[in-house]
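Okay, here's what each chain looks like letter by letter:
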Amino acid sequence: MRLRVDSVLGEPQCCLLANTLKLYCIKMKFPTQRLYSLSRTVHHLNTPRINPRRLHWNSAARPYSTLKRFPLRTAKPLLWKVEYYPHRNFILARLATRLLKIRYLVLGSAVGGGYTAKKTYDQWKEMMPDLTAYKWIIPDFIWDLDEHINFEKIREMFSDAELAKLLPDFDKVGESLNHLKSLLSPGESLYNEIKGVSDLLLLDSAENSTAMKASDTQGFDNNGKQYKKGVLGELILIQQQIQEHEEAARRVAEQLNSGSSQQKRKVSDKDKAEQLQEELLRTQLKYQRILERLEKENKELRKQALQKDDKGIHLRKMKKSLIDLYSEVLDILSDYDSNYNTQDHLPRVVVVGDQSAGKTSVLEMIAQARIFPRGSGEMMTRAPVKVTLSEGPHHMAMFKDSSREFDLTKDEDLAALRNEIEIRMRNSVKEGQTVSAETISLNVKGPGLQRMVLVDLPGVISTVTSGMAADTKDIIFSISKAYMQNPNAIILCIQDGSVDAERSIVTDLVSQMDPQGRRTIFVLTKVDLAEKNLASPSRIQQIVEGRLFPMKALGYFAVVTGRGNTNEGIDSIKDYEGEFFQNSKLLKTGMLKAHQVTTKNLSLAVSDCFWKMVRESVEQQADAFKATRFNLETEWKNNYPRLRELDRNELYEKAKNEILDEVISLSQVTPKHWEEILQRKLWERVSTHVIENIYLPAAQSVNSGTFNTTVDIKLKQWTDKQLPHKAVEVAWETLEDEFARFMSEHKGKDHDDIFDKLKHAVKDESIKRHRWNEQAEDSLRVIQHNALEDRSISDKQQWDAAIHFLEETLQTRLRDTESVIRDMVGPDWQERWFYWKSRSPEQHVRNETKTELDRLLKINEEHTAYLANDEVTTVRKNLEAKNVDVDTILIKDTWHQVYRKHFLKKSLNHCNLCRRGFHYYQRHFVDSELECNNVILFWRIQRMLSITANTLRQQLTNTEVRRLEKNVKEVLEDFAEDNAKKIHLLTGRRVQLAEDLKRVREIQEKLEVFIEALHQEK
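Residues numbered from 1 in each chain as written. Predicted model: local features only at pLDDT ≥ 70, side-chain atom pairs only at ≥ 80, totals over all residues. Heavy atoms only, no water.

(A) Main features of the overall build of the protein. Along its length, the protein carries 35 helices and 13 strands. Counting over 1018 residues, the protein shows a buried share of 43%. Excluding contacts between residues fewer than 6 apart, the proportion of contacts in the protein whose partners are at least 24 apart in sequence is 78%. Surface summary for the protein: the accessible area is close to 56,300 Å², and the carbon and sulfur share equals 49%. (Helix = DSSP H or I, 4+ residues; strand = E, 2+ residues; numbered from the N terminus. Buried < 20%, exposed > 50% of the residue type's maximum accessible area, 1.4 Å probe, protein only. Contact = heavy atoms within 4.5 Å. Areas by Shrake-Rupley, 256 points an atom, 1.4 Å probe, with all protein chains shown as cover.)

Structure below.
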């Protein structure tokens, strides 16, 4: 039996199909085991059910089998012949296999790439904020406004100069729409989302300006044309009215040109033209009100959006932080004293004007809050106030150096803020001055605020009045020039429109600082009063066109900042301003253009100019500070190569730690050291009183009973009145001396003399503040009184110690007395002969008197301490016999020192006798002529000194050292808060250089961060 190739599938074809299937399964990762049954099914698909004889294992078809891993059945001989295809059929099979491989590779890549793209798209979609709640913000017609209104046609129709002034500035309208678009849609995705919304808002401003109604109903105009209600309908009606006015103006122009008077009208052509102008003005104002309503609703929406903490608000946060970064740079620069001629040329808006011209009111209108103190005709701005305006969800204000937030929507917070600003201004003014150059920094945030930095300067005055410093006028001029001479500062020149222009002072000053007017914006305030009072309203037009003043400016604006009522709110002022300009003849007659009026247009223009100036100059300033930093670092490396760059605050912290360590060292002083110092100093303080007032008077007694009685009385009086106070004084001086010793002690190589001045100041202030415990004297009085009443000497050692103490005291007094006598009588004969010294006449008289008194003591060694009158007369007569004229006072004065020397020598001799008197003391000197009452007295004094020293030492270590440490900490904290004190105490080129390095680095780093954020915003 023979099978045809085209009718029956032979074994070679089956093998080829099996190979193809195996290749496909390997590429698609199918298990080989599953392939076996499949191949066999295909292999015997069209084979008869009889058992055919299979080909031999070594037959030609075998190498193409894909089943050689599995056990094959025993081959049987075929009962029919099989016709094989030529060898070229296998080449085609291989080609088909390759094509299948490429197809599946492409298919797998497409499937994997699609899955990855879908996954990435889902991730991005989850990251995007949900903006469905904001679809209704911008109606569809806003973006197609140019298609509905042909502004070029309107401009061509009203070619007349007078009529053209009445038209709105369509370029400004387009810019406003673009600005509104940028505010409401920060990204293209948001714009596409909004543009597709079909809902419209109906802003019913007549009844409620904030009422919003969504409507998509249709209406019809007078011509039967269908239009949408709401804002779009109003704008379409405005377009139709403008077209009607075009036709009417064309007809009036034709009548005027042809001179035809055939048609009879109820009104003249002139009246018709005036009526047309009024209608155009009303149309323009109506268009402006619609835009204002949209802007107001946009402001509310931005406030709500800023309050939400979702992922779609990061862009607004970046814009907010951008102005904050710039403000921080300006704050650092305001305190920076440059020694390398690196001046602060960063832009800011400088608000200047004559006193009471309305500078503060204009600034308040821009900030949308009454934040500044005000007075009627008196100077209120006494220092520059830097106001940083930024966008935020809540209307609030905060000072740079304070964490308190003032809610500007509450009257009590506004009053507190104004009071705080006034207090800061008065505190910044030095004694004897009226104004100050110290800048007060204030941050104001709120929804819809234009981001910029403004500086409100004191008003320029022409005359110094009573109560002002004589140099007030010059100081105000110098402050204004210092801010305006910055080539990148924007000068906001405020001129009072209600006074004569010739009385202005600030315009001449501004023209000197900016003669070309490239960075000056002129603002005319109180236009309502000017229009009412001026006989020639054209003067206002001359002012805003720059033809009246010699100064030049980038732009001219006219604003109204209220009716003069200090309690009037911002919203009320804005309503009054809009109502005034709506009815003002200045706009109706074309003297003022719509874009030149209202503080809103002014703030937009100032903000645009500010950021333009910032982008043009900030990188140049960053390069200048980079060069300054290099110069400072080079100087430090050359002069202080081994020292760290510690600024004044860091040096103060280091000195503070050293001082506290030295205070702690006081507590480590040993008790023995304290007691020795206290006992020695206390005896030095009271020894004179003990010898002169207690011992010498008692020694004149005739017996021991009188001696002891006199001693007890005088000791009691001394203890009650003087001794405790003297002891406390000694303890206080001892503590001060020890503290000073630790503070001034040299630390070797680690000693830094830059801290010496600060340490001395801290020591003096701490000692000054320290007060000893008031109860210390009372407790000391009791202890000292008990110690002095004790007369019992317990052993021989104490007796010998008392005698030693007495001898040292007497010898010290004897040396002092001999020194006094030597000064009185002059040099002795040895000094006169060997050193060629001589006596003065007074010394000669003293010497002769001393000789007579010595003779008197030799006659009576038991003489009392006082001379009798007859003895004085005898001495004087003896001296007169020697031709020496003396008086009674000189004799008694000399006798005091002579007798003192005689008494001290006699007492010393008595001490030697009392060395063996302890035995007689124990027997109370019974049956003995020896009396040693002076030894007992000095033992009582010595014991009182020891007990007092011990008591004072306990008070020092337990109480006073800790109180002194507390005082030192308080002084250090006070000094840390007083920057002027730190500048005075930590001085030198090293400190100043470190300070400059720190500030220049900080300025440069913040400028780089600001520039990076600025580029990101672009």
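(B) Broad picture of the pattern of salt bridges. What the rule picks out here adds up to 41 salt bridges. Between Arg 685 and Glu 729 there is a salt bridge, and its shortest N-O distance comes to 3.2 Å. Linking Arg 685 in helix H22 (residues 671-699) with Glu 729 in helix H24 (residues 723-744), this pair joins segments that are 44 residues apart in sequence. Between Arg 855 and Glu 852 there is a salt bridge, with its nearest N and O atoms 2.8 Å apart. Within this pair, Arg 855 and its partner Glu 852 are both found in helix H29 (residues 841-859), separated by 3 residues, close to a single helical turn. The class of Arg 855 is partly exposed, set by a relative accessible area of 40%. (Salt bridge = Lys/Arg side-chain N within 4 Å of Asp/Glu carboxyl O.)

(C) Main features of the packing of helix H21 (residues 648-666) against helix H33 (residues 933-977). Packing of H21 against H33 leaves a shortest axis separation of 10 Å and a crossing angle of 170°. Viewed along their axes, H21 and H33 adopt a mutual orientation that is roughly antiparallel. Packed against H21, whose contacting residues are Tyr 652, Lys 656, Ile 659, Leu 660, Val 663, Ile 664 and Leu 666, the element H33 presents Val 961, Leu 964, Glu 965, Val 968, Lys 969, Val 971, Leu 972, Glu 973, Phe 975 and Ala 976 at the interface. For the contact of H21 with H33, the per-class residue count stands at 13 nonpolar, no polar and 4 charged. (Axes fitted to C-alpha atoms, helices over the stretch in contact; angles between N-to-C directions. Parallel < 35°, antiparallel > 145°, perpendicular 65-115°, else oblique. Nonpolar A, V, L, I, M, F, W, Y, C, P; charged D, E, K, R; others polar.)

(D) Here's a closer look at the side chain of Thr 598. Relative to the elements of secondary structure, Thr 598 occurs in the loop between helix H19 (585-588) and helix H20 (599-639). Only 3.3 Å separates the side chain of Thr 598 from the side chain of Asn 601, close enough to count as a polar contact. Apart from the residues within four sequence positions on either side, Thr 598 is in contact with Ala 558, Val 559, Glu 577 and Phe 581. (Polar contact = N/O pair within 3.5 Å; in protein donor to acceptor, adjacent residues only side chain to side chain.)

(E) Quick look at the environment of Asn 979. With respect to the element layout, Asn 979 can be found in helix H34 (residues 979-985). Measuring from C-alpha to C-alpha, the distance between Asn 979 and Asn 649 comes to 9.3 Å, with 330 residues separating the pair along the chain.

(F) Looking closely at the packing of aromatic side chains. One pass over the structure, following the stated rule, counts 17 aromatic pairs. Taking 6.5 Å as the distance between ring centres and 25° as the angle between the ring planes, the aromatic pair formed by Trp 611 and Phe 1010 counts as stacked. Pair noted here: Trp 611 is in helix H20 and Phe 1010 is in helix H35 (residues 989-1017), with a separation of 399 residues, a long-range link. With centroids separated by 5.6 Å and ring planes inclined at 55°, the aromatic side chains of Tyr 695 and Phe 903 adopt a geometry described as tilted. In this pair, Tyr 695 is assigned in helix H22 and Phe 903 in helix H31 (residues 888-914), connecting sequence segments 208 residues apart. Put simply, the rings of Trp 683, Tyr 695, Phe 805, Trp 895, Tyr 899, Phe 903 and Phe 938 pair up and form one aromatic cluster. Directly above the aromatic system of Phe 742 lies the positively charged group of Arg 741, at a separation of 4.6 Å from the ring centroid. (Phe/Tyr/Trp six-rings, centres within 6.5 Å; stacked < 30°, edge-to-face > 60°. Lys NZ or Arg CZ within 6 Å of the ring centre and 35° of its normal.)

(G) Looking closely at helix H15 (residues 506-513). Val 506, Thr 507, Leu 509 and Val 510 are the residues of H15 that are buried. All buried residues of H15 fall inside an arc of 160° around its axis, so they share one side. On the buried face of H15, the contacting elements are strand S5 (349-353), helix H14 (472-484), strand S11 (490-496) and strand S12 (520-525). (Arc of directions from axis to C-beta.)

(H) Highlighting the confidence of the model for the protein. This prediction gives the protein a mean pLDDT of 75; 69% of its residues lie at or above 70. Low pLDDT, under 50, characterises residues 309-320; the stretch is placed with 18 contacts to residues that sit more than four places away or in other chains. (pLDDT = per-residue confidence, 0-100.)

(I) View of the side chain of Ser 480. For Ser 480, the location among the structural elements is in helix H14. Of the residues examined, Ser 480 reaches a relative accessible area of 1% and is grouped as buried. Excluding its chain neighbours within four sequence positions, the residues that come into contact with Ser 480 are Leu 457, Val 460 and Leu 509.

(J) A look at the sheet that holds strand S7 (residues 396-399). Taken in spatial order, the 9 strands line up as S8-S7-S9-S6-S10-S5-S11-S12-S13 in an open sheet, and their pairing is mixed. Looking at strand neighbours, the two that pair on one side only are strand S8 (406-407) and strand S13 (555-558), the edges of this open sheet. In the sheet, S5 pairs with S11 via 5 bridges, with the strands oriented parallel. Looking across to S11, one finds that Val 351 is bridged to Leu 492. (Pairing = 2+ DSSP bridges.)

(K) Spatial organisation of a negative patch on the surface. A surface patch of like charges, here negative, comprises Glu 970, Glu 973, Glu 977 and Asp 978. Structurally, Glu 977 can be placed in helix H33. (Patch = residues over 30% accessible without salt bridge, like charges linked within 9 Å, V, L, I, M, F, W, Y side chains within 5 Å. Lys, Arg positive; Asp, Glu negative; His and termini not counted. Charge placed at Lys NZ, Arg CZ, Asp CG, Glu CD.)

(L) Region of the structure containing the state of the cysteines. Enumeration over the complete set of coordinates arrives at 1 disulfide. Between the sulfur atoms of Cys 914 and its disulfide mate Cys 932 the distance is 2.1 Å. Between Cys 914 and Cys 932, the S-S dihedral sits near -105°, and the bridge is therefore left-handed. With Cys 914 in helix H31 and Cys 932 in the loop between helix H32 (918-922) and H33, this pair connects stretches of sequence that are 18 residues apart. Each member of the pair, Cys 914 together with Cys 932, is buried. Unpaired in this structure, Cys 911 has its nearest cysteine sulfur neighbour in Cys 914, at a distance of 6.5 Å. For Cys 911, a relative accessible area of 1% corresponds to the buried category. (Disulfide = S-S within 2.5 Å.)

(M) Looking closely at helix H13 (residues 411-428). Spanning 18 residues, H13 covers 26 Å between terminal C-alpha atoms, matching the ideal 26 Å at 1.5 Å per step. Within the sequence span of H13, burial applies to Asp 413, Leu 414, Leu 417, Ile 421, Met 425 and Ser 428. Down the axis of H13, the smallest arc covering the buried residues is 115°, so these residues share one side. Opposite the packed face of H13, turned more than 90 degrees from it, sit the exposed residues Asp 411, Glu 412 and Asn 427. (Expected span 1.5 Å × (residues − 1).)

(N) Layout of unusual backbone geometry. Its identity as a non-glycine residue notwithstanding, Thr 598 has a phi of 75°, on the positive side. Judged by its relative accessible area of 17%, Thr 598 falls in the buried class.

(O) Quick peek at the environment of Glu 645. Position of Glu 645 relative to the elements: it lies in the loop between H20 and H21. Taking the C-alpha atoms as reference, Glu 645 lies 8.7 Å from Val 991; in sequence the two are 346 residues apart. Excluding residues that lie within four positions of it along the chain, Glu 645 makes contacts with Trp 636, Glu 650, Ala 994, Leu 997 and Arg 1001.

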